[in-house]
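Breakdown of the fold
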Amino acid sequence: MKLRALLLAVFVSASAVALRAAEPLPAFNAIMTMGKDNRFVLISADAKTSGWLKLGETFAGVKLKGYDAATGGLDLDRDGKVTRVFIDAAAAIKDSGPVALPSTRATLADAEAMLKAMHFDEMFSKMMDQQKKSFGPMMDRMMAGMKLPEEDKEKVLAIQRKVMNEFLDSMSGPEMKASIADIYSNVFSKEELAGMSAFYSTPVGQSMVAKQPQAQEKMMQVMMPKMAQIGTKMQEAMKDYAAQKQAAAAGTPPSPAPAPKP
């Protein structure tokens, strides 16, 4: 009886291995290259799509063993047997267009994972701090053009700064992050969010996250003088309009507007 049971177990195990070997390998559907880092998308025989996989990860019973950039071949290891597969042009290219990514509806968890990969909290907090630093000088320049007693200017500036700081603090709170995650999960597919997470996990992606506040600060330095000019022009336009209204009420012709400054 023991020998029969052992033979039956060996037979069942061998049959399972044979059936698994007979199953078609997942299709190699897409590749994303970022410097020396490659990520791959596979589609299983039952039409399930992987996320962006790294070498060494497993999907649908196969392990991504290696990648030959010269030939574009991806080595898949199933039960110790390595098979090289290539992107199926017929499956991956539609109407002679670019490689078509699968499009699976994303979940909130997919979006939250992407935001975590890009260190959203830290990056967004730094960006809001830069906004606070930039808005202060801009408001100072706008107030300088207003004819108010110095005491009133200081009070108005204090109120403006308080309101602006409260607004920017609310922008970097957990409610804002939850709203952004919800938007991303509705706008992007599961595969697109996985691709973003893969990118932000690379050295280039991490560098982009780290330097984004610095780039934002430099952009604001370029934009702020332009915005201040617009504020000055708006004040002048309002003064001209008020003067015209007063002249019309008094029945006197308005004085000609000064020629615009070059």
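Residues numbered from 1 in each chain as written. Predicted model: local features only at pLDDT ≥ 70, side-chain atom pairs only at ≥ 80, totals over all residues. Heavy atoms only, no water.

Observations concerning the overall build of the protein
Basically, it comes down to this: Per the convention used, a helix needs a DSSP run of H or I reaching at least four residues, while a strand needs a run of E reaching at least two, with both numbered from the N terminus. For this analysis, residues touch if any pair of their heavy atoms sits within 4.5 Å. Each accessible area is a Shrake-Rupley result for a 1.4 Å probe, and residues are judged covered by the shown protein chains and nothing else.
Tallying secondary structure elements over the protein gives eight helices and six strands in all. When the helices and strands of the protein are listed from N to C terminus, the series reads α-β-β-β-β-β-β-α-α-α-α-α-α-α. For the protein, contacts bridging at least 24 residues in sequence account for 52% of all contacts bridging at least 6. When the accessible surface of the protein is totalled, it reaches about 17,400 Å², and 62% of it is carbon and sulfur.

Section: the sheet that holds strand β6 (residues 81-85)
Let me state the cut-off plainly: Strand pairing is defined by DSSP finding a minimum of two bridges between the two strands.
An order of β3-β4-β5-β6 is seen for the four strands of this open sheet, with the pairing classed as antiparallel. Sheet topology places β3 (58-59) and β6 at the edges, where each strand pairs with a single neighbour. Strand direction decides the pairing type here: strand β5 (residues 73-78) and β6, joined by five bridges, are antiparallel. When the bridges of β6 are listed, D77 appears paired with V82.

So, the nonpolar core
Side chains of nonpolar character tend, in soluble globular proteins, to be buried together. Quick reminder of the rule: Joining through side-chain atoms within 4.5 Å is the link that ties buried Ala, Val, Leu, Ile, Met, Phe, Trp, Tyr and Cys residues into a set, and such a set is a nonpolar core. Relative accessible area decides the class of each residue, using a 1.4 Å probe on protein chains only: under 20% of the type maximum gives buried, over 50% gives exposed, and in between gives partly exposed.
Residues M114, L115, M118, F120 and Y200 are the most contacted members of the largest nonpolar core, which totals 17 residues. Those elements that place two or more of their residues in this core are α3 (108-117), α4 (120-144), α6 (174-187) and α7 (190-200). No other element matches the five residues that α4 contributes to this core. By size, the runner-up hydrophobic cluster in this structure holds ten residues, among which are F40, F59, V62 and L64.

Some details on the pairing of strand β1 (residues 27-34)
In the sheet, β1 pairs with strand β2 (residues 37-43) via seven bridges, with the strands oriented antiparallel. From the neighbouring strand, M32 faces β2, where its bridge partner is R39. The antiparallel pairing of β1 with β2 creates a hairpin that spans two residues between the two strands, and G35 there sits at a positive phi of about 65 degrees.

Section: the packing of aromatic side chains
Between two aromatic rings, the relevant description is the distance of the centres plus the angle of the planes. Operational definition: By convention, a stacked pair of Phe, Tyr or Trp rings (six-membered ring in the case of Trp) has centres within 6.5 Å and planes under 30 degrees apart, an edge-to-face pair has planes over 60 apart, and any other such pair is tilted.
All chains considered together, the criterion is met by five aromatic pairs. Ring geometry for F120 against F124: centres 5.0 Å apart, planes inclined by 15 degrees, an arrangement best described as stacked. With a gap of four residues between them, F120 and F124 both fall in helix α4, about one helical turn apart. Exposure remark for F120: the relative accessible area of 8% places this residue in the buried category. Overall, F124 belongs to the buried group, its relative accessible area being 14%. Ring pairs connect the aromatic residues F28, F40 and Y67, which therefore count as one cluster.

Quick word on α3
Inclusion rule: Here the arc refers to the directions that run from the helix axis out to each C-beta atom.
Buried within α3 we find D110, A111, M114, L115 and A117. Taken end-on, α3 shows its buried residues confined to a sector of 160 degrees, consistent with a single buried face. Phi turns positive one or two residues past the end of α3, at H119, with a value near 50 degrees.

Here we look at the environment of M114
With respect to the element layout, M114 can be found in helix α3. With 81 residues separating them in the primary sequence, M114 and G195 have C-alpha atoms 8.8 Å apart.

A short note on the pattern of salt bridges
Inclusion rule: Any carboxyl oxygen of Asp or Glu that lies within 4 Å of a side-chain nitrogen of Lys or Arg is treated as forming a salt bridge with it.
Inspection of the entire model under this criterion finds six salt bridges. K65 serves as the salt-bridge partner of D77, at 4.0 Å between the closest nitrogen and oxygen. Residue D77 is found in strand β5, and its partner K65 is found in strand β4 (residues 62-68); the two are separated by twelve residues along the sequence. Residue classification places D77 among the buried positions, given a relative accessible area of 15%. Put simply, K177 and D121 hold a salt bridge, and the shortest N to O gap is 3.2 Å. Placement of the pair is K177 in helix α6 and D121 in helix α4, with a sequence separation of 56 residues. Here the salt bridges do not stand alone but share partners, grouping D68, D75 and R84 into one network.

By themselves these figures say nothing about function.
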